[in-house]
Amino acid sequence: MSSSDIFIGETIGTAVLILLGGGVCAAVTLKRSKAKDAGWLAITFGWGFAVLTGAYLAGGVSGAHLNPAVTLGLAIEGGTKWSDVPLYLASQLLGAMIGAVLVWVTYMGQFKAHLTDPEILAAQPVEEGMVDQKAAPAAGPVLGIFSTGPEIRHYVQNVLTEIIATVVLVLAILTQGLNDGGNGLGTLGALITALVVVSIGLSLGGPTGYAINPVRDLGPRIIHSVLPLPNKGSSDWSYAWVPIVGPLIGGAIAGGLYNVAFK
């Protein structure tokens, strides 16, 4: 596939992925949203359908990686040329940032209502950036719409959780090539991947919010940091490395494991 195919497919596919995935987080989080407090099941299935839509849109154009961890795993496995990896990653990051902006545009009124609500403001830490006496950085009140964060901030556990979850995702994608005489699953593969993402969210997503995708977290976190949102609070950059490093390690492990166990 050409460089333009990779750029167009990965940018549009990742933008749609983040628009729908971040959109369900906004719908569940923000006041004056009809889906307010719909809960974890809504989020996990919303993200699964987001993956399904983004992968279906981009599959015939760029292969629908939509995730640097997937690209890395495929490069190690041999299905993607290493020379194409930088373009994949740059396109995915751009798409993730575009998707995050579209979430803000879609819910602009709800963001304003939520972030100026006295009840929401009163629930924030008294001292900016502090949640307890251990001085752990406080995520802003809407950061969870854009990026992930741990329920218990323990960096070793947080990274391991992201590694384990990403290995499951990337290995499930790589092993699709073992079906149908090595021809993969075609468009059905997008559905299988989406269901795997739902399963990961339900089973492994509780500790960290299951980024399992570096640009899914980094791109929207960048947008959160620059958007003109009142009282938006911290973007929690001290945690931002975890959903980058963990998934990349997981993708590399999955690619190596596939080569050892399935080739």
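Scroll up a little and you will see the structure.
Residues numbered from 1 in each chain as written. Predicted model: local features only at pLDDT ≥ 70, side-chain atom pairs only at ≥ 80, totals over all residues. Heavy atoms only, no water.

Student: What is the right way to look at the side chain of S235 in this model?
Tutor: Assignment of secondary structure puts S235 in the loop between α10 (214-226) and α11 (242-261). Apart from the residues lying within four places of it in its own chain, the contact partners of S235 are L143, R221, H224 and S225. (Helix = DSSP H or I, 4+ residues; strand = E, 2+ residues; numbered from the N terminus. Contact = heavy atoms within 4.5 Å.)

Student: Please clarify how α11 should be interpreted in this entry.
Tutor: In an α-helix, one turn spans 3.6 residues, which is why side chains three or four residues apart end up on the same side. In this model α11 runs 28 Å from its N-terminal to its C-terminal C-alpha over 20 residues, within 8% of the 28 Å that 1.5 Å per residue would give. Listed as buried for α11 are V242, P243, G246, P247, G250, G251, A254, G255 and Y258. Buried residues in α11 make contact with α3 (68-77), α8 (155-174) and α10. (Expected span 1.5 Å × (residues − 1). Buried < 20%, exposed > 50% of the residue type's maximum accessible area, 1.4 Å probe, protein only.)

Student: I'm lost on unusual backbone geometry in this one. Help?
Tutor: Both trends apply: most residues other than glycine have a negative phi, and most peptide bonds are in trans. Its identity is not glycine, yet R32 carries a phi of approximately 70°, on the positive side. Tracing the sequence through the fold places R32 in the loop between α1 (3-29) and α2 (40-62). Not every positive phi belongs to a glycine, and A64 is a case in point at roughly 55°. With respect to the helices and strands, the residue A64 is situated in the loop between α2 and α3. By relative accessible area, A64 is classed as buried at 16%.

Student: In this structure, what is going on with the environment of A15? I would like to understand it.
Tutor: The residue A15 is located in helix α1 in this model. For the pair A15 and L102, spaced 87 residues apart in the sequence, the C-alpha separation amounts to 8.5 Å. A15 has contacts with G95, I98 and G99, leaving out every residue within four places of it along the chain.

Student: Help me understand the pattern of salt bridges, please; the structure alone is not making it clear to me.
Tutor: Pairs can form between side chains of opposite charge whenever their charged atoms are close. All told, the structure shown has five salt bridges when counted by the stated rule. Residues K31 and E119 are paired through a salt bridge, measuring 3.0 Å at the closest nitrogen-oxygen approach. A residue pair is termed long-range when its members are at least 10 positions apart, and K31 in the loop between α1 and α2 and E119 in helix α6 (residues 118-122) qualify at 88 residues. According to the relative accessible area criterion, K31 is partly exposed, its value standing at 22%. For E119, a relative accessible area of 55% gives the class exposed. Notably, a salt bridge pairs D37 with K36, separated by 2.9 Å at the nearest N-O pair. Look at K36 and you get partly exposed, because its relative accessible area is 31%. Through salt bridges with shared partners, one network takes in K31, D117 and E119. (Salt bridge = Lys/Arg side-chain N within 4 Å of Asp/Glu carboxyl O.)

Student: How should the side chain of S62 be read in this particular structure?
Tutor: Tracing the backbone through its elements, the reader meets S62 in helix α2. Only 2.5 Å separates the side chain of S62 from the side chain of E10, close enough to count as a polar contact. Sequence-distant contacts of S62, that is, excluding residues within four places in its chain, are made with M1, D5, I6, G9, E10 and Y88. (Polar contact = N/O pair within 3.5 Å; in protein donor to acceptor, adjacent residues only side chain to side chain.)

Student: What exactly am I supposed to notice about the packing of aromatic side chains here?
Tutor: How two aromatic rings sit relative to each other is given by the distance of their centres and the angle of their planes. Summed over all chains, the structure comprises six aromatic pairs. Where W40 meets Y210, the ring centres are 5.8 Å apart and the plane angle is 70°; that geometry is what we call edge-to-face. You can see W40 sitting in helix α2 and its partner Y210 sitting in the loop between α9 (188-204) and α10, a full 170 residues away along the chain. Note on Y155 and Y239: the rings are 6.4 Å apart at their centroids and 25° apart in plane angle, and the pair reads as stacked. One end of the pair, Y155, is in helix α8; the other, Y239, is in the loop between α10 and α11, and 84 residues separate them in sequence. Classification of Y155 as partly exposed rests on a relative accessible area of 30%. For Y239, a relative accessible area of 0% gives the class buried. (Phe/Tyr/Trp six-rings, centres within 6.5 Å; stacked < 30°, edge-to-face > 60°.)

Student: For this particular structure, what's the right way to read the nonpolar core?
Tutor: It is characteristic of soluble globular proteins that their nonpolar side chains tend to be buried jointly. One finds W47, F111, V142, I145, F146 and L229 to be the most contacted residues of the largest nonpolar core, which totals 38 residues. Looking at this core, the elements that each hand over two or more residues are α1, α2, α4 (85-106), α5 (108-115), α7 (143-146), α8, α9 and α10. Looking at which element gives the most residues to this core, the answer is α1, with seven residues. In this structure V142 touches L30, F111, H114, L115, H224 and L229, once residues within four positions along its chain are discounted. Grouped together as the second largest cluster of nonpolar side chains are 13 residues, A69, V70, Y239 and A254 included. (Core = buried A, V, L, I, M, F, W, Y, C linked by side-chain atoms within 4.5 Å.)

Without other data, these values stay purely geometric and don't point to any function.
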